Amino acid sequence: MIHNTLLEVTTKNPVISLSIIIWCIYIGAVIGWAAILFNKFVPGTVVRRILSKSLFSPDQAMTPAELKITSPILLYMLRDGSSLRRIVKSREEEEKGLLPEKKGFFASFTPDPKRPVKTQHFYIPEDIRFRAESRYSTGIGDVIALVIGAAVLLAAAFVLFNFGIPAIMGMLGSYFG
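Residues numbered from 1 in each chain as written. Predicted model: local features only at pLDDT ≥ 70, side-chain atom pairs only at ≥ 80, totals over all residues. Heavy atoms only, no water.

J.: Break down the overall build of the chain for me, with residues and values.
T.: For the chain, the helix and strand inventory stands at 7 helices and 2 strands. Helices and strands appear in the chain in the N-to-C order α-α-α-α-β-α-β-α-α. Out of the 177 residues in the chain, the part that is buried amounts to 31%. Within the chain, residue pairs in contact and separated by at least 24 positions form 77% of the contacts whose partners lie at least 6 positions apart. Approximately 11,700 Å² of the chain is accessible, and the part contributed by carbon and sulfur atoms is 68%. (Helix = DSSP H or I, 4+ residues; strand = E, 2+ residues; numbered from the N terminus. Buried < 20%, exposed > 50% of the residue type's maximum accessible area, 1.4 Å probe, protein only. Contact = heavy atoms within 4.5 Å. Areas by Shrake-Rupley, 256 points an atom, 1.4 Å probe, with all protein chains shown as cover.)

J.: Can you lay out helix H7 (residues 140-176) for me, pointing to particular residues and giving the numbers?
T.: The end-to-end C-alpha separation of H7 is 51 Å, in line with the 54 Å expected for 37 residues at 1.5 Å each. Burial in H7 covers these residues: Leu 146, Gly 149, Ala 150, Ala 157, Phe 161, Asn 162, Ile 165, Pro 166 and Met 169. (Expected span 1.5 Å × (residues − 1).)

J.: Tell me about helix H2 (residues 18-41), residues and numbers included.
T.: The α-helix winds at 3.6 residues per turn, so residues separated by three or four positions along the chain end up facing the same way. Taking 1.5 Å as the rise per residue, H2 with 24 residues should run 34 Å; its terminal C-alpha atoms sit 35 Å apart, in good agreement. Of the residues making up H2, those classed as buried are Ser 19, Ile 22, Tyr 26, Leu 37 and Lys 40.

J.: Any chance you could break down the pattern of salt bridges for me, citing the residues and the numbers?
T.: All chains considered together, the criterion is met by 4 salt bridges. Of the charged contacts in the structure, one is a salt bridge between Asp 142 and Lys 40, with a shortest N-O distance of 3.7 Å. Highlighted residues: Asp 142 in helix H7 and Lys 40 in helix H2, separated in sequence by 102 residues. On the accessibility criterion, Asp 142 (23% relative accessible area) is partly exposed. Here Lys 40 falls in the buried class, since its relative accessible area comes to 16%. Arg 129 serves as the salt-bridge partner of Glu 133, at 3.2 Å between the closest nitrogen and oxygen. Here the residue Glu 133 and the residue Arg 129 both occupy positions in helix H6 (residues 129-136), the gap between them amounting to 4 residues, near one helical turn. Each member of the salt-bridge network shares a partner with another, and the members are Glu 126, Arg 129 and Glu 133. (Salt bridge = Lys/Arg side-chain N within 4 Å of Asp/Glu carboxyl O.)

Written as structure tokens, this is what we have:
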């Protein structure tokens, strides 16, 4: 086909063709959607358990053992500084005086002492509840959206690869040629 020779034309690097760029964008989008689904289903388990038990204040907080969270992956995701901890709070993190106050310029560079996840008590504050419900809610619609989105994006990549790029390259060739 004539468009295969046109696809090999690039401005900076002749090794990278436009077809490689299109397929890499497609693969990156599908991997991104899969990562979003993973984030909803795996760490979302912790959030949904806390929401189902209505733990919305520090005095209602429970340990992972009380929440029946024994998976090492979920315990790892509950560690201090993880993205899940933006939603799920720890009673120990809220208590004053747990950590000694840091003073001086270099104190900001020293890490906080690690607290074992298994001994912490977790809850979701009431003001974050809506965000947690919307971000970590799951359903069959999420999986269907991934499959349909991947199929639509595959069709768009196929059409662009076979019809769009040759047309664009032909227009550029006639304009500059």
